[in-house]
Each structure stands twice: as structure tokens, then as C-alpha cells.
Amino acid sequence: MIHTDFLIIGSGIAGLSYAIKVAEDAPHHDILVVTKNDLNESNTKYAQGGIAVVTDYSKDSAQQHIKDTLIAGDGICDQEVVEMVVNEGPERLKELISWGAQFDRNSDGGFSLENEGGHTKHRVVHHKDMTGREIMRALRATAIQMSNIKILSFHTAIDLLTSKSKSSSCHGAVILDNLKGEIKHIIAKNTILASGGAGQVYTFTTNPDIATGDGIAMAKRAGAKIEEMEFIQFHPTALYYPDKKPVFLISEAVRGFGAILRNKEGEAFMYRYDERKELASRDIVARAIHSELKKNNSSHVYLDCTHLDNEKFKHHFPSIHEKCMTIGINPAINMIPVAPAAHYVCGGIKVNKDGLSSISNLYAIGECSRTGLHGANRLASNSLLEAVVYAHRTYQHTMLTVNDSNKQEIQFDLPNYEVVKLNNEFIQSLQRQLQEIMSHSVGIVRTTKGLTKAQEEITTLEQKFNNQVNLKFTSTELITIRNLFTIAHLIIKHSLDRKINKGGYYNVDIS
Ligand code: FAD
Ligand code: SIN
């Protein structure tokens with residue numbers, strides 16, 4: 001058993017920025033970061049476009065960023081949260097820079113700003129097309145130098161330790177040491193879920209293998225409120241190169257740079273769907289592509305960059321250029337095949353403005369949380385922004401309350417797990433089937449019949465799994481498949497509960 005003041009589950013932008021803040025402010029407190037892969041592996045590492053923050057007040061304003069976020073969210077964002085996040089963004093950007101993150105600058109010293117779908121101004125601060133990699137480099141370098149941050153890599157959180165004696169409260173988590181196959185109980189005054197998204201519940205996703213919705217599933221099992229899981233965001237332009245997983249993203253900033261979407265016939269079709277064309281918000285562009293694919297019975301459309309200045313393109317998007325070239329696509333000459341892919345969960349663990357969930361001492365920050373910022377469709381590049389703003393607010397709140405009496409150790413039964421090695425092929429086959437059902441029936445366009453059928457099919461798959469596997473057995477594969485079942489059920493249930501189409505949720509039987 002390990003005791004700590006702050007247990008942070010996840011080491012992406014949300015988890016590491018929170019850990020650094022607490023460590024800087026409270027050298028006498030213990031901070032433990034648990035992460036299921038190496039410290040770097042996260043959705044954050046793959047972020048391309050950048051962070052949406054107002055930096056040039058001569059051309060942009062907080063009001064305009066707020067308005068764009070509200071429009072993208074299709075009327076169901078929490079306006080107070082939107083205002084708070086946008087207004088606090090510039091300070092948080094300065095902090096990232098103070099920790100060593102470098103963002104591209106113009107010759108006049110101002111930030112080089114990209115444009116993306118749904119933004120009416122160029123306001124996306126970035127590091128080439130590798131913003132996430134640069135942020136992770138800086139956060140990792142800062143965190144590993146801090147003597148009061150202890151990091152347990154290759155450790156997977158299985159479940160939260162909660163007490164339901166009075167009201168529900170969280171006191172840590174049960175962790176699996178992936179390499180040694182040992183169980184550890186971590187008793188914590190504050191538990192912070194920073195475990196990221198859940199793209200792996202779909203076959204075609206931009207998210208790496210770690211994105212299996214663990215934090216959301218654990219919080220659900222612990223009884224926390226989970227909301228708006230029906231709003232899965234599909235990124236319109238993932239590279240269509242079906243054998244490679246996760247699929248490589250072609251950043252929305254490429255459309256912001258002037259790339260044009262074309263269908264199989266070579267027609268630039270976006271004008272038929274939205275007057276903003278390629279720079280309409282992500283839900284609209286993804287649905288337009290879906291409709292073109294159905295109409296033409298094709299698997300992908302094209303992103304045409306051939307008319308763009310190739311030298312500038314290479315300078316702005318070196319990793320995208322390199323990736324395309326390695327598969328024989330020269331963006332100066334060839335159009336890039338693209339298709340929508342599951343990208344981001346707008347919903348998640350419901351939190352207040354301090355990042356506190358409905359369970360005391362349990363916080364959620366970053367992609368696993370549902371703050372109210374994104375509503376029905378996240379505005380591009382608002383995710384990294386949300387993560388740093390909520391890491392800060394949660395840090396402030398937990399520092400104020402860390403010594404409260406309700407955070408003192410209490411007695412409760414520790415769950416028993418037996419670490420086992422099971423037939424991996426059986427689990428992998430279940431995971432593939434689950435992803436196929438979700439991709440087929442719970443994608444960009446849904447039907448009530450399809451959702452109900454998917455619910456039945458997934459229930460059957462889960463029963464098959466439960467008949468074979470004792471509840472006490474655990475392993476990294478078992479943790480993953482159990483969580484994916486929970487996430488799939490949440491997405492379907494919340495979809496069936498939704499009676500009005502909004503943003504990224506579209507059910508043909510409703511409109
Ligand atoms: P993550 O960065 O995903 O970190 C989650 C962490 O939790 C990981 O360390 C993981 O290993 C760990 N973890 C998960 N489960 C467990 C467990 N059970 N036990 C222990 N550890 C666990 N957003 C933008 O704003 N701008 C962009 O340009 C942008 N581009 C993107 C490009 C791609 C390809 C992708 C996939 C996403 C992009 N996004 C972008 C979204 C954004 O990157 C993510 O939403 C954001 O990085 C999430 O940060 P996070 O800290 O919440 O989670
Ligand atoms: C991108 O670069 O297109 C991704 C931006 C985001 O997900 O916010």
C-alpha cells in the first residue's frame with residue numbers, strides 16, 4: 001500500500017501540468033503520477049494543430065473566441081465555462097512557455113497563428129504541426145526534475161477506492177504494475193483523473209492505444225455522474241491508409257491554410273453544405289464527407305493541396321508532408337486520401353468549475369472530463385486549452401482543501417484481484433467485434449434501430465466475456481476490454497436518450 005497527497009492518473013497535458021503546479025507550490029506534499037504506458041504516450045503527444053488562445057488583440061478578441069466556441073457547440077455549451085476558459089487561456093499559455101514549450105513566432109516576434117474549422121480568426125498557437133510533441137517534451141522535462149513528483153510508468157489504474165459510508169468519496173485507486181504483474185493500493189487525499197479519451201472504442205481512430213476511456217469507466221463504476229457521451233467528435237480528415245493504426249491525422253490547419261476537399265469526381269463539394277466551406281465546424285465537415293462517401297459509394301475523399309505553395313506547406317506541416325511522402329503521396333502533385341475518424345469525446349465525467357466530480361476528493365481534468373466548454377461539438381484546438389485551464393483551477397482548489405478532515409484516511413475494504421494471463425486472441429477478437437459494431441452503428445450518422453441493435457449486440461458480447469472470465473481476474477487486456485464495454489454502453493445509452501439532434505450527434509430518425 002502506498003500513501004500520497006495527490007494521485008494523478010495519466011501523464012498527458014492535463015496530468016503533467018497539474019502535477020507541476022502542485023509540486024512548484026507545495027514541495028512538502030507528495031505527488032504520485034501513475035501512467036499506463038511510458039510517460040510520453042498520450043493523445044497529447046499526437047496533437048498537431050495547436051492551442052486556441054487569443055494573443056493578438058489588434059485582430060482578435062476574447063468575445064470572438066467565446067462566440068466561435070458557442071456556435072461550434074451548437075447552443076449547449078455552458079456559457080460561463082466558455083467565458084472562463086477563454087479568458088484564462090492567455091495566462092496558461094504563458095505558463096507552458098515558462099516550462100520550456102516553444103511555439104512558432106513571426107519575424108516581428110508575435111505568435112504565428114493558424115486557422116482551423118469554426119474559428120473566425122487566425123488564433124491557433126502551434127509548434128509546426130507537432131504541437132503536442134513539443135508540449136510533452138517540455139512538461140516531461142520539467143516534471144522529472146521535481147523531487148516531490150514520483151512517476152510510476154507502465155502502471156494501469158484498475159478501479160477507484162471509494163467509500164459510500166456517508167456521501168460517496170474517493171480515497172485513491174487500485175493499480176496494476178504492468179511489468180511485474182503486481183497489484184498496488186494507492187491511498188490518496190486527492191485523486192485526479194487525467195486519463196484522456198476513448199477513441200479506441202472505434203475501428204478507425206486518430207487516438208493511440210492508450211485511449212480506452214479508463215478514467216470515465218472507473219468513475220462510472222464508482223457512481224460518478226457521466227454526461228454527454230453521445231457527442232463523439234469525428235475528425236473529418238484522417239489519412240486514409242487503412243492498414244495503419246492509429247490513423248495519421250491531416251490537421252485541420254491544412255484546410256485553414258487553403259486545402260480543398262474534393263470527392264471521387266474531383267468536385268469541391270463543401271459549398272453545397274455550408275457557406276464556410278472547408279472551414280465550417282468539424283461536425284458539419286465530417287457529416288458532409290460522410291454524405292459524399294455514401295452517395296459515391298467510396299471509402300475516402302481527397303484533400304487537395306496541389307495549388308498551395310509547396311515550400312510554405314512543407315515549412316508549416318513538416319510531419320504531414322513527410323508522412324505523405326513516405327507512402328508515395330507528394331502533396332504538391334497528388335491529392336491526399338482522407339476519411340473521418342473517431343477523434344475526441346466531448347462528454348465525460350461531469351465536473352464543476354474546480355474540476356470536482358460528483359464524488360468528493362475525485363477530480364477529472366482534460367479529455368476525460370465534461371466541463372461544459374464543448375457542448376455538442378468541440379471547437380478545434382480548444383482541448384489543449386481546456387486541459388491547462390482546468391489543471392490550474394483544480395490545482396487551486398485541491399491546494400485549498402488538501403488538509404480538510406474529509407480527506408483524512410478512512411477504513412474501507414480493499415478489493416482483491418488475481419492477476420492472470422488469458423488467451424489474448426479471445427480478448428482481441430472481442431475488442432475488434434466491439435469496435436466494428438460501434439463503427440457500423442454508432443458513427444457520424446445514427447438511427448434508433450441501429451443504436452438499439454448495437455446495444456443488444458454489445459450486451460451479448462459482454463455476456464460471452466463474463467461467462468468466460470471471473471470478475472476478480474485482471475490483466476491489462478482485461479482492464480481495457482471491460483472499460484471499452486462500459487464506454488460503448490455509455491455512448492449508446494446517451495445517444496438513445498437524446499431527443500434532439502445537436503452538433504456532433506445526428507440521428508436520422510429524429511430531425
Ligand atoms: P492524454 O493526453 O490522452 O493523456 C492521458 C494519459 O492517461 C496518458 O498518459 C495515458 O497513458 C494515461 N492513462 C489512460 N488510462 C490510464 C489508466 N487506466 N491508468 C493509468 N494511466 C492511464 N487538441 C487540441 O486542442 N489541439 C490539437 O491540435 C489537437 N490535435 C490532436 C491530434 C490528434 C491526432 C489527437 C488524437 C488529438 C488531438 N487533440 C488536439 C485532442 C487533444 O490532443 C487531447 O484531447 C488532449 O491532449 C487530451 O489530454 P489529456 O491530458 O486529457 O489526455
Ligand atoms: C487538428 O490539428 O486538426 C486537430 C485539432 C484538434 O483536434 O483540436
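Residues numbered from 1 in each chain as written. Chains lettered and ligands numbered in written order. Predicted model: local features only at pLDDT ≥ 70, side-chain atom pairs only at ≥ 80, totals over all residues. Heavy atoms only, no water.

Colleague: Which residues make up the site of ligand 2, and what values go with them?
Modeller: Every residue near ligand 2 is listed here: Gln48, Gly49, Glu116, His235, Leu249, Ser251, Glu252, Arg282, His343, Arg378, Ala380 and Ser381. Take serine 251: an N or O atom from its side chain is 2.7 Å from an oxygen atom of ligand 2. One nitrogen or oxygen atom from the side chain of histidine 343 is found 2.7 Å from an oxygen atom belonging to ligand 2. Expressed as a share of its isolated accessible area of 250 Å², the protein-covered part of ligand 2 is 93%. Looking at the shell around ligand 2 residue by residue, the class counts come to 2 nonpolar, 6 polar and 4 charged. (Near = heavy atom within 4 Å. Polar contact = N/O pair within 3.5 Å; in protein donor to acceptor, adjacent residues only side chain to side chain. Areas by Shrake-Rupley, 256 points an atom, 1.4 Å probe, with all protein chains shown as cover. Nonpolar A, V, L, I, M, F, W, Y, C, P; charged D, E, K, R; others polar.)

Colleague: An account of the site of ligand 1 is needed here, citing residue identities and associated values.
Modeller: Around ligand 1, a shell composed of 38 residues is seen, among which Thr44, Gly50, Asp214, Glu367 and Ser383 lie nearest. Measuring from an oxygen atom of ligand 1, one finds a side-chain N or O atom of threonine 35 at 3.0 Å. Note that a nitrogen atom of ligand 1 is positioned 2.8 Å from one of the backbone N or O atoms of glycine 50. Within the residue set of the shell around ligand 1, elements represented by two or more residues are helix H1 (13-25), helix H2 (43-46), strand E7 (155-163), strand E14 (336-345) and helix H11 (382-401). Here the residues of the shell around ligand 1 sort into 12 nonpolar, 21 polar and 5 charged. (Helix = DSSP H or I, 4+ residues; strand = E, 2+ residues; numbered from the N terminus.)

Colleague: How would you sum up H1? Please name residues and give values.
Modeller: Here H1 is 13 residues long and its end C-alpha atoms lie 18 Å apart, about the 18 Å a rise of 1.5 Å per residue gives. Within H1, 11 of the 13 residues are buried, which leaves it mostly tucked inside the rest of the structure. Every buried residue belonging to H1 is among Ile13, Ala14, Gly15, Leu16, Ser17, Tyr18, Ala19, Ile20, Lys21, Val22 and Ala23, and all of these are buried. (Expected span 1.5 Å × (residues − 1). Buried < 20%, exposed > 50% of the residue type's maximum accessible area, 1.4 Å probe, protein only.)

Colleague: Provide a residue-level description of the sheet that holds strand E15 (residues 348-350), including the pertinent values.
Modeller: Taken in spatial order, the 3 strands make up an open sheet running E10-E15-E17, and their pairing is mixed. Pairing within the sheet leaves two strands with one partner each, and these edge strands are strand E10 (226-227) and strand E17 (369-370). Looking at chain direction, E15 and E17 are connected through 2 bridges and run parallel. Its bridge partner being in E17, lysine 350 is matched across the sheet by arginine 370. Across the sheet, helix H6 (residues 214-222) touches E10 and E15, and the angle it forms with E15 is around 45 degrees. (Pairing = 2+ DSSP bridges. Contact = heavy atoms within 4.5 Å. Axes fitted to C-alpha atoms, helices over the stretch in contact; angles between N-to-C directions.)

Colleague: Please set out the packing of aromatic side chains residue by residue, giving values where relevant.
Modeller: A full pass over the atoms with the stated rule returns 8 aromatic pairs. Relative to phenylalanine 234, the ring of tyrosine 202 lies with its centre 5.3 Å away and its plane at 75 degrees, an arrangement referred to as edge-to-face. Of this pair, tyrosine 202 sits in the loop between strand E9 (182-193) and H6 while phenylalanine 234 sits in strand E11 (residues 232-239); the two residues are 32 residues apart in sequence, bridging distant segments of the chain. Each member of the pair, tyrosine 202 as well as phenylalanine 234, carries the same accessibility label: buried. Between phenylalanine 269 and tyrosine 273, the ring centres sit 6.2 Å apart and the planes meet at 90 degrees, which makes this aromatic pair edge-to-face. Residue classification places phenylalanine 269 among the buried positions, given a relative accessible area of 0%. Overall, tyrosine 273 belongs to the partly exposed group, its relative accessible area being 28%. The structure contains a cluster of three or more aromatic residues connected by ring pairs, namely Phe257, Phe313 and Phe317. The ring of phenylalanine 111 is capped by arginine 105, whose NZ or CZ atom sits 4.0 Å from the centre of that ring. (Phe/Tyr/Trp six-rings, centres within 6.5 Å; stacked < 30°, edge-to-face > 60°. Lys NZ or Arg CZ within 6 Å of the ring centre and 35° of its normal.)

Colleague: Explain the environment of aspartate 56 residue by residue, including any values.
Modeller: If you trace the backbone, aspartate 56 turns up in the loop between strand E3 (51-52) and helix H3 (62-72). Residue classification places aspartate 56 among the partly exposed residues on the basis of a relative accessible area of 23%. Side-chain polar atoms of aspartate 56 contact the side chain of serine 58, separated by 2.6 Å.

Colleague: So what's going on with the environment of threonine 452? Residues and values would help.
Modeller: On the secondary structure map, threonine 452 appears in helix H13 (residues 448-468). On the accessibility criterion, threonine 452 (31% relative accessible area) is partly exposed. Once the C-alpha coordinates of threonine 452 and isoleucine 492 are considered, the two residues, 40 residues apart in sequence, prove to be 8.0 Å apart.

Colleague: How would you summarise the sheet that holds strand E12 (residues 260-262) if you had to cite specific residues and measurements?
Modeller: Strands sit in the order E11-E14-E13-E12 across an open sheet of 4 strands; the sheet is antiparallel. Looking at which strands have only one partner, the edges of the open sheet turn out to be E11 and E12. Taking the axes of each pair of neighbouring strands and ignoring which way they run, one obtains an average angle of 45 degrees across the sheet. For strand E13 (residues 301-304) and E14, the ladder comprises 3 bridges, and the chain directions are antiparallel. Paired with valine 301 across the two strands is valine 338, which belongs to E14. Relative to E11, helix H8 (residues 282-296) is tilted by about 60 degrees, and along the sheet it contacts E11, E12, E13 and E14.

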